[in-house]
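Listed below, chain by chain, are the residues.
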Amino acid sequence: MADLDLEGKIAPSTRALYERNMRQLVMPAFEHFTLREITVSRVDQFIKTLATTKSYSTAKQARTVLSLALGLAVRYEALAKNPVRDTVRLRKPPSTAMALTVEQVEAIRRAVRSWRRESGLAGPKPDGQLEQIIEVMLGTSARIGEVLAIRKCDVDVTKSPATVRICGTIVSPAGKPTDRQGHPKTSKSTRTVSVPSFTAEVLRERLVVVASEDLEHLIFFSRNHTPLLTNNVRRRLRKALAEAGIQGVTPHSFRRTV
């Protein structure tokens, strides 16, 4: 098992994810077994355990990389068939992302706008991007990574209504710097979205901020002009809402709301 490698034309970010999942999830469970000892029942138990102890997403990712590896073994005739193919299909649990009411959206807006604005606090004040990101998510239904990947050239506020082209996402491959990927979650997810006036207003504000930058510059960025990390935005949102007593809201809640 340890000698197997994944092959094929896979995007670098996806390859890094596969390699990490193989190393952290699959190998600890199967590294001491020969290929012929990796049976359907053994694989099935492995996937079910991950789904229970970790998450559906983790189990699904582990199943994918294990299937790729054992599929390679079948092609090399080291196995007669791929045992992953005969395992019980994973059932995706119901989505836990909540759709927000108008009142909840307003409460979230107030909480984020007031977060860490008190005098006397140590450290830099929030730069206002978190609340602007929320307005763009509410106006586009885009994923958090897609919003953070919007460039100056993707925004057109000369039209009525204004439009945003969603054509990338922010990725953080293992061992590599966070960067913009040239397509959304899937290559077919590229789209142009007409946005409401409250989102158009935020986009105009961001275009003023990047007025002197080139057309490829991101409209949301760190103090070093590098891409914002999706996990950092999630963490800031979580902290801001926790201080206001608001629980259970994630960036995907805004997408579900739209």
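An account of the accompanying structure is given in this report. (Residues numbered from 1 in each chain as written. Predicted model: local features only at pLDDT ≥ 70, side-chain atom pairs only at ≥ 80, totals over all residues. Heavy atoms only, no water.)

Across its full length, the chain carries nine helices and five strands. When its helices and strands are written in sequence order, the chain yields α-α-α-α-α-α-β-β-β-β-β-α-α-α. With the principal axes as the frame, the chain shows a C-alpha extent of 65 × 40 × 35 Å. Total accessible area computed for the chain in this model is approximately 14,800 Å², and 51% of it derives from carbon and sulfur atoms. (Helix = DSSP H or I, 4+ residues; strand = E, 2+ residues; numbered from the N terminus. Areas by Shrake-Rupley, 256 points an atom, 1.4 Å probe, with all protein chains shown as cover.)

Let us look at the sheet that holds strand β2 (residues 163-166). Strand order in the open sheet formed by three strands is β1-β2-β5, and the pairing between neighbours is antiparallel. The open sheet has two edge strands, β1 (155-156) and β5 (191-194), and neither has a second partner. Where β2 lies against β5, four bridges are found, and the strand directions are antiparallel. For V164, the partnering residue across the bridge sits in β5 and is V193. (Pairing = 2+ DSSP bridges.)

Time to look at the environment of S55. With respect to the helices and strands, the residue S55 is situated in the loop between α2 (40-53) and α3 (56-75). In the structure, S55 is positioned 38 residues away from P93 in sequence and 9.5 Å away in space, judged by C-alpha atoms. Within the structure, the side chain of S55 is placed 2.9 Å from the side chain of T58, a separation counted as a polar contact. (Polar contact = N/O pair within 3.5 Å; in protein donor to acceptor, adjacent residues only side chain to side chain.)

Let us look at the pattern of salt bridges. For the structure on display, the rule yields 10 salt bridges. One salt bridge connects K81 with D86, and the closest N-O pair in it is separated by 3.4 Å. With relative accessibility at 45%, the residue D86 sits in the partly exposed group. The partner of E146 in a salt bridge is R143, with the nearest N and O atoms 2.8 Å apart. Using a relative accessible area of 1% as the deciding quantity, one classes E146 as buried. (Salt bridge = Lys/Arg side-chain N within 4 Å of Asp/Glu carboxyl O. Buried < 20%, exposed > 50% of the residue type's maximum accessible area, 1.4 Å probe, protein only.)

Moving on to a positive patch on the surface. A surface patch of positive charge is lined by R234, R235, R238 and K239. By the secondary structure assignment, R238 is in helix α8 (residues 230-243). Look at R238 and you get exposed, because its relative accessible area is 52%. (Patch = residues over 30% accessible without salt bridge, like charges linked within 9 Å, V, L, I, M, F, W, Y side chains within 5 Å. Lys, Arg positive; Asp, Glu negative; His and termini not counted. Charge placed at Lys NZ, Arg CZ, Asp CG, Glu CD.)

Here the structure, examined in full by the defined rule, presents two aromatic pairs. Ring geometry for F30 versus F46: centroids 5.0 Å apart, planes at 75°, classification edge-to-face. Remark: F46 occurs in helix α2 and F30 occurs in helix α1 (residues 12-30); sequence separation between them is 16 residues. For F30, a relative accessible area of 1% puts it in the buried group. Classification of F46 as buried rests on a relative accessible area of 11%. Chaining the aromatic ring pairs together yields one cluster made of F30, F33 and F46. One cation-aromatic arrangement involves R109 over F198; the distance from NZ or CZ to the ring centre is 5.2 Å. (Phe/Tyr/Trp six-rings, centres within 6.5 Å; stacked < 30°, edge-to-face > 60°. Lys NZ or Arg CZ within 6 Å of the ring centre and 35° of its normal.)

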